[in-house]
Each structure stands twice: as structure tokens, then as C-alpha cells.
Amino acid sequence: MENFEKKNVIITECFTCGTRYENYFFASPCCRSIVLKVDKNGNRTDTTFLSVLSLPQPHLAKKLKRVVSENTEYLI
């Protein structure tokens, strides 16, 4: 039986414009703002990370595509 490790993906969102990133914990490369953790329902939380006080690291950022329909956001 193989032992598979589950990789946790943490979604963060730019406080200013709402762009979302995977496993990115620095100042947002889009607006140079703080990023907030997003919960499993897609809502912003109060959680941020000390590393957001560092300069943006755009080469590490993996953006998520978003579709906005009416007043609801869905992650693809």
C-alpha cells in the first residue's frame, strides 16, 4: 500500500483588489498590499501572515482564475 501525502493548498486574497493566490504569503504582487487567508467556503478571514510585510515575490505567485457571476464568486 502506497503512502500518499496530502498537499495542503492555502488560498490568499489581495486585500485591495481581491486577486487570489495559491500558497502565497508575501505582499501582493498586484497592489503591494497585504494578503488575507480565504476559508474553504471562499470567504476572507481575519488571518494574515507576517511575511506580507516583505516585498512582493511575483515569481512565487500562482494566481487562481475567477469567474464573477452576478454577486457571487466561484473559484475554478
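Refer to the structure printed above.
Below is a summary of the structure that appears in this document. Here the structure is a predicted model, which is why all the values come from computation and not from measurement.

**A few points about the pattern of salt bridges**
Next up, step 1: Under the definition given, this model contains 2 salt bridges.
Next up, step 2: Of the charged contacts in the structure, one is a salt bridge between arginine 20 and glutamate 13, with a shortest N-O distance of 2.6 Å. Comparing arginine 20 with glutamate 13 shows no difference in burial state: the two are buried.

**A look at the environment of leucine 60**
Next up, step 1: Along the polypeptide, leucine 60 turns up in the loop between β3 (35-37) and β4 (66-69).
Next up, step 2: On the basis of relative accessible area, leucine 60 is assigned to the partly exposed category, the value being 40%.
Next up, step 3: Not counting the four nearest positions on each side in its chain, leucine 60 is found in contact with Tyr24 and Phe26.

Reading the values: the criteria
- Residues numbered from 1 in each chain as written.
- Predicted model: local features only at pLDDT ≥ 70, side-chain atom pairs only at ≥ 80, totals over all residues.
- Heavy atoms only, no water.
- Salt bridge = Lys/Arg side-chain N within 4 Å of Asp/Glu carboxyl O.
- Buried < 20%, exposed > 50% of the residue type's maximum accessible area, 1.4 Å probe, protein only.
- Helix = DSSP H or I, 4+ residues; strand = E, 2+ residues; numbered from the N terminus.
- Contact = heavy atoms within 4.5 Å.

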